Each structure stands twice: as C-alpha cells, then as structure tokens.
Amino acid sequence: MWFLLVFSRTWKWKGYSIRYQCAGTSGPALVLVHGFGANSDHWRKNTPILGKTHRVYSIDLIGYGYSDKPNPREFGGEPFYTFETWGEQLNDFCLDVVKDEAFFICNSIGGLVGLQAAVSKPEICRGLMLINISLRMLHIKKQPMIGRPFIKSFQNLLRNTPVGKLFFKSIAKPETVKSILCQCYHDSSQVTDELVEAILRPGLEPGAVDVFLEFICYSGGPLPEDLLPLVKCPVLIAWGEKDPWEPIELGRAYSNFDAVEDFVVLPEAGHCPQDEKPEMVNPLIESFVARH
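The numbers attached to residues start from 1 for each chain and follow its sequence in the written order. Under the rules for a predicted model, residues below a pLDDT of 70 receive no local features and side-chain atom pairs below 80 are neither given nor counted, while totals for whole chains, interfaces and linings still include all residues. Hydrogens are left out, water is left out, and the side-chain values use all remaining heavy atoms of the structure.

In the annotation of an unreviewed UniProt entry, the protein chain is listed under the name Pheophytinase, chloroplastic isoform X1 and assigned to Camelina sativa.

The structure is reproduced here in structure tokens:
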C-alpha cells in the first residue's frame, strides 16, 4: 500500500486563518469534516488513501485544530460557534478552495455541519456520508421540562465563572484525553500516543478553552432529524456498532428519512470508525462516491 503526500495549507475566511489538509489532484472532490474537539488530523488514515483517486480536503472548523479561535464573547452576545457558522464555512471553502461541488464525509458533530451546509446551499453538496452522527442528546429539546432550568444554570456556571476553566484544565491532559478516547474507541489499542497528541496539542492553544466551554453550553440549534427531511442529495449513514456515546439503536431511526440510501453497520467499531477502522471506512467512502 502506498500513500500520497498530504499537504497542510491555510485559507483566509472572513479574516480568520483556517488550516486544511489536502491530497490528490484528480477525481471527485471530498471534504472531510471532524467532530467535537478534533481536527483534520483525525482523518490522517483516510486523506492519503482516498487521495489516490479523489481530490481530498480535510478542514479544521473555526475554533478547532490549528484554525483561529476567536473569543465567542466578541460577537455581542450572539452565538458564534454554531452549525450555521460552520455550515457557511464549509460551503465557502468549497467555493473558494475546492472550486467545485463536493461530497461531505462527516463524523460526529461534523455530520450536523455537513447537513447544515447541504441544506443551506444544496447546489454544492453532491452527497453526504454521516459517520456516527451526533444525536445531540444534550439538546434542550431532548431534556425533560423540569430539568431545563437546572441545565441552563449549570451552563452559566461553566461559561461565566472560573469553574469552566478549571474543568477544562482538568481534562486537557494526556492521561485524561487518552482515557476519554479509550471510552469511545472499541479497540483501545488504536488510541496511540500519536492520536492523543493530535487531539490534545491544538486544544492547548490560546482561545481553545473559550471555544470548548461555548460549545458544551450550546444546547440549541438544529437536530439531525430537523435537517434530514430538507436534504436534497443522497445520504449514506455508517455507524460503529460499539459506539457508547451514540447508541446504534437510536441511530437506526435515521434510516427512515427519504434522502438516506442505506444504513451501514460497522462491526467492532466505536464512535470514530474512520480512525479506528479505516480499512472498512475508506472502501465504503469510495463505493458511495462511485455510485454518484
């Protein structure tokens, strides 16, 4: 097996510096979208392989990885780190950098980003592959009415007092990041020091703590079930059957939407199959793209 070189580049978006990685010079365009707390390095086992027959771009969403992390308090009380913001970023990236329509390949909350982008500008997205999309179980609509005031109080505590930064400091350590990853990867041998470093290092950059706290306090915005009925392009859902965070039993319900062509179970895989089981995910991506 041979690998293509992966290039790391920077794109200016609305005055902010956005890091992305790319490989391949021909074939359909793929844009790979990471999940919460991750970055384009989480696709390091996919980008060079897929780049042999595709133009592949993996992007750091604003606030994550090595992209800029503007302070959310700079936006006059209006939420900035939202799926609308990231969806707009994704579409503009396709217009400015890819210069073509693209397939969006998305993991976890990246799936909401891909869905939002596809709904906002359907002419850009050729197809969506959602890998263990976030069910957003902490969304305010999914909480009992009696508990909602307590959730708001807890979010205010995290966002507006020193408690939040102490909480972040307690988890932004190699041993804690490794422990969290071992929870969501079924095969803990895949949680290497390289992976821990790839996730942790950009999380220690200035501004990362404010982005982290802002997002974990973001309990509004769209749910997958709000966006899926609006999607015009074909959708493939893939799910690691051993995901402890997003149970596959709940994920199966998404196969009932008209846009969803298939629901593929990925055996012995957790929440991030693209990294844990790339030998299963890469061919699945290739076959999905080939059909469209």
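After that view, the rundown keeps rolling.
1. Considering the overall build of the protein chain
Counting from the N terminus, the helices are the DSSP runs of H or I reaching at least four residues and the strands are the DSSP runs of E reaching at least two. The helix and strand inventory of the protein chain stands at 12 helices and 8 strands. Note that the radius of gyration is over C-alpha atoms, with the globule rule given as 2.2 Å times the number of residues to the power 0.38. The globule rule puts the C-alpha radius of gyration for 292 residues at 19 Å, and the 18 Å found for the protein chain is close to it. In terms of overall dimensions, the protein chain has a C-alpha envelope of 50 × 40 × 40 Å along the principal axes. For the protein chain, the proportion of contacts with a sequence separation of at least 24, taken over those separated by at least 6, is 75%. Calculation of accessible area relied on Shrake-Rupley with a 1.4 Å probe; when residues are assessed, cover is drawn exclusively from the protein chains displayed. Here the protein chain displays about 12700 Å² of accessible surface, and carbon together with sulfur accounts for 57% of that area. Side-chain charges of the protein chain comprise 29 positive and 34 negative groups, with the mean position of each set lying 3 Å from the other. Should any heavy atoms of two residues lie within 4.5 Å, those residues are considered in contact. Only four residue types enter the charge count: Lys and Arg as positive, Asp and Glu as negative, with His and the chain ends excluded. A charged residue contributes its charge at one atom only: NZ of Lys, CZ of Arg, CG of Asp or CD of Glu.

2. Thoughts on the nonpolar core
Here the nonpolar core consists of buried residues drawn from Ala, Val, Leu, Ile, Met, Phe, Trp, Tyr and Cys, with membership extended through side-chain atoms lying within 4.5 Å. Using a 1.4 Å probe on the protein chains alone, a residue whose accessible area is under 20% of its type maximum counts as buried, one over 50% counts as exposed, and one in between counts as partly exposed. Counting 52 residues, the largest nonpolar core has Val31, Trp86, Phe93, Phe104, Leu128, Leu130 and Val235 as its most contacted members. Considering every element that reaches this core, the biggest residue donor is helix 2 (residues 83–98), with 7 residues. Filtering out sequence-adjacent residues up to four positions away, Leu130 remains in contact with Cys106, Gly111, Leu115, Leu228, Val235, Leu236, Ile237 and Ala238. Grouped together as the second largest cluster of nonpolar side chains are 19 residues, Leu30, Val264, Leu266 and Ala269 included.

3. Considerations on the pairing of strand 1 (residues 7–13)
A pair of strands is treated as paired once DSSP finds two or more bridges between them. Judged from the 7 bridges that link them, strand 1 and strand 2 (residues 16–23) form a sheet pairing that is antiparallel. Paired with Thr10 across the bridge in strand 2 is Arg19. With antiparallel pairing between neighbouring strands as the criterion, strand 1 and strand 2 make up a hairpin whose turn holds 2 residues, including Lys14 at a positive phi of roughly 55°.

4. A short note on the sheet that holds strand 7 (residues 235–240)
Reading across the sheet, the 8 strands line up as 1-2-4-3-5-6-7-8 and stay open at both edges, with mixed pairing between neighbours. With one partner strand each, in any of the chains shown, strand 1 and strand 8 (260–266) form the two edges of the open sheet. Taken pair by pair, the neighbouring strands of this sheet meet at an average axis angle of 25°, ignoring direction. Contacting strand 3 (29–33), strand 5 (102–107) and strand 6 (125–131), helix 3 (residues 109–120) crosses the sheet at an angle of about 150° to strand 5. Think of each axis as a best-fit line through the C-alpha atoms, taken over the contacting stretch in the case of a helix, with angles from 0 to 180 degrees between the N-to-C directions.

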